[in-house]
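Summary of structural features
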Amino acid sequence: MSSAASNSERVDDPSAEAVIDIRSVSKRFGKRQILHDLNLTVARGQTFAFLGRNGAGKTTTIRMLLGLHKPDAGTVRVLGLDPAKDAMEIRRRVGYLAEDQHMFGWMSVQQLISFTAPFYPTWNHDWANHLAKKFELPMKTKVKHLSKGQGVRLGLLLALAHHPRLIILDDPTLGLDPIVRKEFLRDLVAHFHGSAVTIFFSSHLLYEVEPVADSVAILDRGHIVRHSPTEDLRDSVKQIILPAREFDAMPALPGVLDVKRRKYQVAVVVEDVERALPLVREQVEAVEVVDLNLDEIFEAYVIGKRNAQPGEEDGHVAKLGLERVA
Amino acid sequence: MWRSLVWKEWHEQRWRLWFGAALLGMFTLIGLRTRIMPDEQIVIFSMIVGGIFFPLMVAMGLVAPERADGTIVRLLALPVPAWNVLAAKGVIGAIVCTVPLLVSAVLAAIVAGDREMAWRQFAEMYAMAIGMTLSTFSWLTAAGVRQPSEARAGLMGIAMGAGWFLVIAISSMLAVELFHDQTLIAWVAAFSPFGVTVLRGGDAPPAVVIAIQLIMFAAVWAWAAWRIGKPGKVVA
């Protein structure tokens, strides 16, 4: 795994080769608008975390990358190819681990591997056997008799055995217990440490992607509300705690994501602490700045915003100048 | 790739073939040996079971269970066009539908060949049965290709069959003459999944009926291939 710092440079560098490039993509199913004007770039070698609640549009985006859905508007490029035209070539080069692994239960592990191998010209049988041993998969056991953890490991084997350049993991640990989730992530990190493979990791469990992600995008109801390197996100999104009386007298702060009012204090989550803090300090000296983990940042973007609409819960929020970040 | 897909379908569908062959074979054998009814009626009954009920049983178990189990996503995400997945299913399904009728035909020929019915009559009726089974199987597969469960696919197939029966029944009441001085019913039936039955005792030109059936066959599979890749359920 390359370091977050080196990857943050790559995110900002427009010349960095984009493995995934999504521009102004919209998608609707019937009356339901799933994606709105989505823009997303993932550079080569990154571990990219695609975060969003269930129903945010993550799976639709992934299926679009694989050419399973076509965008209503906008362009998609994966490894330089258009999924609408070159879906087969993309699928040959991409390793895909679907959400909630559904495999053919009647097949044995060996049979499923043998079934899958012919679809990929670059399939490496020795490598598949090596992974099967490493993941401790019982080759003769039927897939339906595998534990959930073994099922996910088998899915990972199938996604890796053809040496893909890009690996798409769609909520791969859904339904797994915490120990198995950690084991899966450990396998993932161990496997790709130092490699040039790009990982697109979709999840709604933020704490699981936090240690592995170089870059993060937060998807909320079809909109990207934030896309930045993980370190930048942690450095810029902070919680400022200040006295309620001073806060009430204060002019609108820029980039407020969430406001939580306590008895004599207000906890404000801001998107860019370097912009907001000097404005706060003009009014009040005694402020506390709190670091947030990815979970709390995600909550501020996704839930905080909704609570902070004018006329809801907190009367002060209306004057804070909230706007969508996308 | 193709071999992999066919191998998978064969493993999933073969029990239906054994079941169908055993059931239809035993019925034919017992019916013709005991002579409880005329040979022709036994063959007609075999045609109905083999030409309507077996295709329904096979078609509802082809795609819908994959949607219910979620395995369709794995299949469609493979680097192979969706129509290849459907084609593998179609080929195995067609074999599974046809073999029981062939078993029945062979048994009927052994037990009652040239007894009440001439060889040619036997051959014609079974050829027609196989034509009908392939036609109904195609229609039923296309109808059930996006259904989320086997039961829904079965209901959709029954509704489609009932719809065609209704159309045929209504058109039979209308004494309208169309091309070649043929009645409306002759033409409507020729387009239906049961179109090959018009060939026997019908008054529509056989070559035209066969051409219509082949066009419908191609159209129905093209429709199914177009639909199989569509999302059955939106997972955002």
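Counting starts from 1 at the beginning of each chain's written sequence and moves along it residue by residue. Each chain is given a letter, starting from A, and each ligand a number, starting from 1, according to the order in which they appear as written. Only residues with pLDDT of 70 or above have their local features reported here, since the model is predicted, and side-chain atom pairs are shown and tallied only from 80 upward, although totals for entire chains, interfaces and linings are computed over all residues.

1. Details of the overall build of chain B
Elements are defined by DSSP. Helices are runs of H or I of four residues or more, strands are runs of E of two residues or more, and each kind is numbered from the N terminus. Along its length, chain B carries nine helices and zero strands. Reading the helices (α) and strands (β) of chain B from amino to carboxyl end gives α-α-α-α-α-α-α-α-α. Buried means a residue has 20 or more other C-beta atoms within 10 Å of its own C-beta, exposed means 12 or fewer, and partly exposed covers the counts in between; C-beta atoms are placed from the backbone. Across the 236 residues of chain B, 42% fall into the buried class. Contact between two residues is assigned whenever their backbone-derived C-beta positions fall within 7 Å. Considering only intrachain contacts with a sequence separation of at least 6, the fraction spanning at least 24 residues in chain B is 73%.

2. Section: helix H1 (residues 2-34) of chain B
Between its first and last C-alpha, H1 of chain B extends 45 Å over 33 residues, near the 48 Å set by a 1.5 Å rise per residue. Note on bend: the value at a residue is the angle between axes fitted to the seven residues ending there and to the seven starting there. Of all the bends found along H1 of chain B, the most pronounced is centred on Gln13 of chain B and spans about 45°. Residues Leu5, Lys8, Glu9, Arg16, Leu17, Gly20, Leu24, Gly25, Thr28, Gly31 and Leu32 of chain B constitute the buried set of H1 of chain B. Those residues of H1 of chain B hidden inside the fold are in contact with helix H4 (109-116) of chain A together with helix H2 (39-60) and helix H5 (82-112) of chain B. Looking one or two places after H1 of chain B, you find Arg35 of chain B, whose phi comes out positive at around 60°. Multiplying 1.5 Å by the residue count of a helix minus one yields the expected span of that helix.

3. Regarding the sheet that holds strand E5 (residues 94-97) of chain A
Residues and elements named next belong to chain A. Strands are labelled as partners when DSSP assigns at least two bridges between them. Pairing in this open sheet of six strands is mixed, and the strands run E5-E6-E7-E3-E8-E9 from one edge to the other. The two strands at the open ends of the sheet, each matched to only one other strand, are E5 and strand E9 (223-229). Along the sheet, successive strands turn relative to each other by an average axial angle of 15°, direction set aside. Here strand E8 (residues 215-220) runs beside E9; their pairing, made up of six bridges, is antiparallel. Each residue of the ladder has a partner; that of Ala217, found in E9, is His227. Interaxial angle, 0 to 180 degrees, is taken between N-to-C directions of lines fitted to C-alpha atoms, where a helix line uses only the stretch in contact. With respect to the sheet, helix H6 (residues 148-160) is in contact with E5 and strand E6 (166-170), its orientation differing from that of E5 by roughly 165°.

4. Quick notes on the interface of chain B and chain A
Contacts between the two partners involve 20 residues from chain B, matched on the other side by 25 residues from chain A. Mapped by element, the contributors of at least two residues to the side of chain B that touches chain A are H1 and helix H4 (71-76) of chain B. Nonpolar residues are Ala, Val, Leu, Ile, Met, Phe, Trp, Tyr, Cys and Pro. Charged residues are Asp, Glu, Lys and Arg, and all others, Gly as well, are polar. The class makeup of the residues in the side of chain B that touches chain A is 12 nonpolar, four polar and four charged.

5. A look at the nonpolar core
Note on definitions: a nonpolar core is a set of buried residues drawn from Ala, Val, Leu, Ile, Met, Phe, Trp, Tyr and Cys, linked by C-beta atoms within 7 Å. Residues Leu51, Leu66, Ile168, Phe200, Phe201 and Ile218 of chain A are the most contacted members of the largest nonpolar core, which totals 141 residues. A total of 12 residues in this core trace back to one element, the largest contributor, which is H5 of chain B. Look past the residues within four positions of Ile218 of chain A in its chain and what remains in contact with it is Leu51, Gly52, Val225, Arg226, Phe298, Tyr301 and Val302 of chain A.

6. Some remarks on the packing of H2 of chain B against helix H7 (residues 150-173) of chain B
All names here are of chain B. Between H2 and H7, the least distance of the axes is 9 Å, while the angle of their chain directions is 140°. Between H2 and H7 lies a crossing of right-handed hand. Judged by residue contacts, Leu56, Ala59 and Met60 of H2 engage Glu150, Ala153, Gly154 and Gly157 from H7. Whether a crossing is left-handed or right-handed is set by the direction in which the near helix is turned from the far one by less than a right angle, anticlockwise for left-handed and clockwise for right-handed.

7. Some remarks on the sheet that holds strand E1 (residues 18-29) of chain A
All names here are of chain A. Judged by pairing direction, the sheet is antiparallel, and its three strands sit side by side in the order E2-E1-E4 without closing on themselves. The open sheet has two edge strands with one neighbour each: strand E2 (32-43) and strand E4 (73-78). For this sheet the average axis-to-axis angle between neighbouring strands, irrespective of direction, equals 20°. Sheet analysis places E1 next to E2, joined by eight bridges and oriented antiparallel. Looking at the pairing, Ile20 lines up with Val42 of E2.

8. A short note on the pairing of E8 of chain A
Residues and elements named next belong to chain A. Counting buried residues along E8, six of its six residues qualify, which places the element largely inside the surrounding structure. Residues of E8 alternate between two faces, with Ser215, Ala217 and Leu219 on one and Val216, Ile218 and Asp220 on the opposite face, all of them buried. As paired elements, strand E3 (residues 47-52) and E8 share five bridges and run parallel to each other. From the neighbouring strand, Phe48 faces E8, where its bridge partner is Ser215. Adjacent in sequence and paired antiparallel, E8 and E9 are bridged by two residues, among which Arg221 carries a positive phi angle near 45°.

9. As for H2 of chain B
Think of an α-helix as 3.6 residues a turn; residues three or four steps apart then line up on the same face. Here H2 of chain B is 22 residues long and its end C-alpha atoms lie 31 Å apart, about the 32 Å a rise of 1.5 Å per residue gives. When the local axis directions of H2 of chain B are compared, the greatest deviation, roughly 25°, occurs at Phe53 of chain B, which is followed within four positions by the proline Pro55 of chain B.

10. Here's the deal with the pairing of strand E10 (residues 238-243) of chain A
Two faces make up the sheet, and in a regular strand the side chains alternate between them. All names here are of chain A. Alignment of E10 against strand E12 (residues 265-270), held across six bridges, turns out to be antiparallel. By the bridge assignment for E12, Leu242 is matched with Val266. The pairing of E10 with strand E13 (residues 288-291) spans four bridges and is classified as antiparallel. Paired with Ile241 across the bridge in E13 is Glu288.

11. Digging into the confidence of the model for chain A
Note that predicted coordinates carrying low pLDDT should not be read in detail. All names here are of chain A. Every residue gets a pLDDT, meaning the predictor's confidence in that residue, from 0 to 100. Averaged over all residues, the pLDDT of chain A equals 81, while 87% of them reach at least 70. Across chain A, H4 holds the top mean pLDDT of 94, while helix H1 (residues 4-12) sits lowest at 42. Segment residues 1-15 is flagged for pLDDT under 50; beyond a separation of four residues in sequence, or across chains, it makes 26 contacts in the model.

12. Things to note about the packing of H2 of chain B against H5 of chain B
All names here are of chain B. The N-to-C vectors of H2 and H5 enclose an angle of 165°; their axes lie 9 Å apart at closest approach. If you check the angle between H2 and H5, you find them roughly antiparallel. As H2 runs across H5, the sense of the crossing is right-handed. The residues of H5 that touch H2, namely those facing Asp39, Val43, Ser46, Gly50, Phe54, Pro55, Val58 and Ala59, are Gly93, Val96, Cys97, Pro100, Leu101, Ser104, Ala108 and Ala112. Taken together, the residues that form the contact of H2 with H5 break down as 11 nonpolar, four polar and one charged. Roughly parallel means an angle under 35 degrees; roughly antiparallel, over 145; roughly perpendicular, 65 to 115; everything else is oblique.

13. Things to note about the environment of Arg91 of chain A
You can see Arg91 of chain A is positioned in helix H3 (residues 83-93). Under the C-beta neighbour-count criterion, Arg91 of chain A is labelled buried, with 24 such atoms within 10 Å. Once residues within four sequence positions are removed from consideration, Arg91 of chain A is found in contact with Leu66 of chain A together with Ala77, Leu78 and Pro79 of chain B.

14. Comments concerning unusual backbone geometry
Positive phi is not limited to glycine here, since Arg221 of chain A has a value of about 45°. Positionally, Arg221 of chain A belongs in the loop between E8 and E9. On the basis of neighbour counts, which here come to 17 C-beta atoms within 10 Å, the residue Arg221 of chain A falls in the partly exposed class. Non-glycine residue Arg35 of chain B carries a positive phi angle of around 60°. Residue class for Arg35 of chain B comes out partly exposed when judged on the 13 C-beta atoms lying within 10 Å of it.

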